[in-house]
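# Summary of structural features
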Amino acid sequence: MSNRQMSPVRTRYAPSPTGPQHIGGIRSALFGWLFARHHGGQFILRIEDTDQKRSVPGSLEAILEAFEWLGLDIDEGPHVGGDYGPYIQSERLELYQAWAKRLVEQGHAYKCYASAEELAEMRAAGGGYDRRYRDLSPEQASKLEAQGKPYVIRFKMPLSGQTTGVDMIRGEVVFDNAQLQDAVILKSDGFPTYHLAHIVDDYHMKISHVTRAVEWLPSFPLHIRIWEALGWEKPQFAHLPVMLNPNGKGKLSKRKQQFAADGKSVPVLVHEFISAGYLPEAVLNFLTNIGWNFGDNREVFSTEDAIERFQLKDVNPANSAYPIAKLDWLNSQYIQTSAVDDLARRLKPVLEAAGFAVDDDLLRRVAPLLQARLKTLNDVVAMAGFFFADWETFQAPPAEILIKRKMDGVSTANVLRGAIPVLNALDEFDHETQHRAMATYAKDIGYKNGQVFGSLRAAVTGQRVSPPTFETMEILGRAETVRRIELAVQALSEPA
Ligand code: GLU
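Around the ligand sit R12, A14, P15, S16, E48, Y194, R212 and W216, and that is every residue in its neighbourhood. One of the side-chain nitrogen or oxygen atoms of R12 is found 2.7 Å away from an oxygen atom of the ligand. Relative to its unbound accessible area of 300 Å², the ligand is 79% covered by the protein chains.

The next subject is helix α20 (residues 478-493). In this model α20 runs 22 Å from its N-terminal to its C-terminal C-alpha over 16 residues, within 8% of the 22 Å that 1.5 Å per residue would give. The set of residues buried in α20 consists of E480, T481, V482, R484, I485, A488, V489 and L492. Taken together, the buried residues of α20 touch α14 (379-388), α15 (399-402), α16 (409-424), α18 (449-461) and α19 (469-476).

Residue alternation in strand β4 (residues 152-155) divides its side chains into two sets, V152 and R154 and I153 and F155, and both sets are buried. Pairing of strand β3 (residues 109-112) with β4, which is carried by four bridges, proceeds in the antiparallel orientation. Counterpart to Y110 in the pairing with β4 is R154. In the sheet, β4 pairs with strand β7 (residues 184-186) via two bridges, with the strands oriented antiparallel. Bridge pairing in β7 links I153 to L186.

Moving on: the pairing of strand β9 (residues 236-240). Burial within β9 is extensive, with four of its five residues counted as buried. Where strand β8 (residues 209-213) meets β9, five bridges bridge the pair, whose relative direction is parallel. Paired with V210 across the strands is F237, a residue of β9. Tracing the backbone out of β8, into helix α7 (residues 220-230) and back to the parallel element β9 gives a crossover that is right-handed.

On to the pattern of salt bridges. Throughout the structure, instances matching the rule amount to 30 salt bridges. The residue R12 makes a salt bridge to D202 at a minimum N-O spacing of 2.9 Å. With a gap of 190 residues between them, R12 in strand β1 (residues 10-13) and D202 in helix α6 (residues 194-204) connect regions that are remote in the sequence. According to the relative accessible area criterion, D202 is buried, its value standing at 1%.

Applying the stated criterion to the full structure yields 20 aromatic pairs. Judged by centre distance (5.2 Å) and plane angle (50°), the ring pair of F31 and F310 falls under tilted. Separated by 279 residues along the polypeptide, F31 in helix α1 (residues 23-38) and F310 in the loop between α10 (303-309) and β13 (320-321) bring together distant segments of the chain. On the accessibility criterion, F31 (0% relative accessible area) is buried. Pairwise contacts between aromatic rings join F31, W292, F294, F301 and F310 into one cluster. One Lys or Arg, R27, reaches over the ring of F31 and ends 4.6 Å from the middle of that ring.

The subject of this paragraph is the sheet that holds β3. Reading across from one edge, β3-β4-β7 is the order of the three strands in this open sheet, with antiparallel pairing throughout. The open sheet has two edge strands, β3 and β7, and neither has a second partner. Strand-to-strand twist across the sheet, computed as the mean angle between neighbouring axes with direction ignored, equals 45°.

Looking now at the environment of N177. Structurally, N177 is set in the loop between β6 (171-176) and β7. According to the relative accessible area criterion, N177 is buried, its value standing at 1%. Taking the C-alpha atoms as reference, N177 lies 5.7 Å from G161; in sequence the two are 16 residues apart. Residues contacting N177, with those up to four places away along its chain left out, are M157, P158, S160, G161, Q162, T163 and R225. A distance of 2.9 Å separates a polar atom in the side chain of N177 from the backbone oxygen of S160.

Detailed reading of the predicted model is not advised wherever pLDDT is low. Model confidence for the protein chain is summarised by a mean pLDDT of 94, while 96% of its residues fall at 70 or above. Below pLDDT 50 for its whole length, residues 1-5 participates in five contacts with residues either more than four positions away or in separate chains.

Right, let's talk about the packing of α18 against α20 for a bit. How two helices pack is summed up by the angle between their axes together with the distance between the axes. Running from amino to carboxyl end, α18 crosses α20 at an angle of 100°, the nearest separation of the two axes being 8 Å. Taken together, the axes of α18 and α20 lie roughly perpendicular to each other. Together, L456, A459 and V460 of α18 and T481, R484, I485 and A488 of α20 make up the contact between the two elements. Classifying every residue of the contact of α18 with α20 by side-chain character gives five nonpolar, one polar and one charged.

Rules used throughout
Residues numbered from 1 in each chain as written. Predicted model: local features only at pLDDT ≥ 70, side-chain atom pairs only at ≥ 80, totals over all residues. Heavy atoms only, no water. Near = heavy atom within 4 Å. Polar contact = N/O pair within 3.5 Å; in protein donor to acceptor, adjacent residues only side chain to side chain. Areas by Shrake-Rupley, 256 points an atom, 1.4 Å probe, with all protein chains shown as cover. Helix = DSSP H or I, 4+ residues; strand = E, 2+ residues; numbered from the N terminus. Expected span 1.5 Å × (residues − 1). Buried < 20%, exposed > 50% of the residue type's maximum accessible area, 1.4 Å probe, protein only. Contact = heavy atoms within 4.5 Å. Pairing = 2+ DSSP bridges. Right-handed = clockwise from strand over helix to strand, strands pointing away. Salt bridge = Lys/Arg side-chain N within 4 Å of Asp/Glu carboxyl O. Phe/Tyr/Trp six-rings, centres within 6.5 Å; stacked < 30°, edge-to-face > 60°. Lys NZ or Arg CZ within 6 Å of the ring centre and 35° of its normal. Axes fitted to C-alpha atoms, helices over the stretch in contact; angles between N-to-C directions. pLDDT = per-residue confidence, 0-100. Parallel < 35°, antiparallel > 145°, perpendicular 65-115°, else oblique. Nonpolar A, V, L, I, M, F, W, Y, C, P; charged D, E, K, R; others polar.

Shown next, in the form of C-alpha cells:
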C-alpha cells in the first residue's frame, strides 16, 4: 500500500486520569488515531497518572468506554498490553528515576533543595524559581546531600540563546531560552513530572509522532532540550488547535456546562453525547471537522474516507469555536442513512429507558417512518413513543389538539365520524389506499386535506407531531385506527 511508511507510525493518547472523558481530549486523540490509521501504524493509550492527587478512580474505564463507543480501536494500552508496557506511568517510576539520575550525573539537571518557605519567598518577590541550587560547589552539594534534605530534580535550561522546534502544523517555532525556567522533572516523592515522564515514555514506546494540545507549545523548547540532553532522536510533533466555547471565547470548559444560543446545554463529556442520543459515527464526523476539513465541500464522510485523506500537516493551527449547532444536523444525516435494523437496534434502549416495552417487529416497522424525522435518537420518545404504549389504554387527546385550523369541535367530530365508514370500506388498509380515499373524502365534504389528515393524525396518535399519518394508521391496523377515531369523536361530543 502506498501510504505505508518504512518506519512504523506510532501515535499515542496520553490522558491524565482525572475523571469523565472530555470531548476535547477525544478530539486530540482522534487526530493521532486517524494519522496512525492512515499510515497503517499503531495507536497507543498511556495513562499519565504522575500527579496522584488529581487521579480519579474509574477514569481508565471511562476512557475505554468512550473509545469503544466511538469505535476507535487501541493497539496497545493498559487494558490490552503490548510490547512496550507497562502503559501506566505510576508503574514505571524506576525508569524515570534512572533517567533523572543520569541527567544529574551528566550535568543536565540538578538537585534543588528549596523548601516550601524558600519557594514562597521567591514567589512573593515576583519572580519564578531563582536557580539558587543550580550551580552549587561540590562541597555545598555534598553538605546538603549529607543532611538528607528532601530535594527535587530540575532541568538546566540554557540561560540565553534560542531553541527552535519544528511543528508539523505550525512549521518552525523559535523560543527565547531566557523565558524558560529550570523546570522540575522529578518531584521529592520520586514521581516524575509530565516533562520528563512523557519524554522517557515516548522514547521507550517508540512514538513516532507526538500529537497533543497546543497548550503544550510553551513547554516545547524545554522538551526539545530534554530530548537532546538524553541524546535521543526526537519524534515529530504536532500541536493541535483546541476548541473554544461556542461563543468563541475561552477554551471549551471542562466542568462548567455551556449554554448555546437556544438555551440547550452543550454536551462536552462523552457520556453526555451518549445520553443525548447522538450516534457515535456522527460525533466522530463532527469532531473530525473541527480544525481539519475533508475538502470537496464535504461535511459528511465515513471514518474510512477520513482515514484515507487525513494528514496532520493539513490541520488548521487556529483554535476554533465549538460548532455544536452542526451536530444535530450531522446526526440526522446519519440517522437517515442508517440501515433500518441498525436504527431499530439503537432506538430500542432509548424507548426502554423511557419506560416502554418494545416489540421488535413493531419497532422495525416504525423505524423507517422515523428516519427522515429524528435529529437525535432521543427524539423517538416524543415522536413515536405512542406506538409502544399500551394500546388498550389509549385515550383521545384534548380538543385543542384534535381541532385544526378554521374548524371547531362539531365540524371536527363530523369529519372524523364520516371518515370511519370510508376507512372501513377499503379493500386494503395500506397507506396509499388510505391516502387516496381520504383525499377524495376531503374533497367530497369540502375540506382541505390538511384539515382532514391533521384531525386524523391527532385522533390516532394523540399528538400534533408524529410520523406520517397514513403510514402510522397502516401500522396500527384498521381496527385500532377506527377505535381511536371513535374515541376522538366521543371526546369531542362530550359536553365541555
Ligand atoms: N497527560 C497530558 C495531558 O493530559 C498529555 C499531553 C501529551 O499528550 O503529551 O495533557
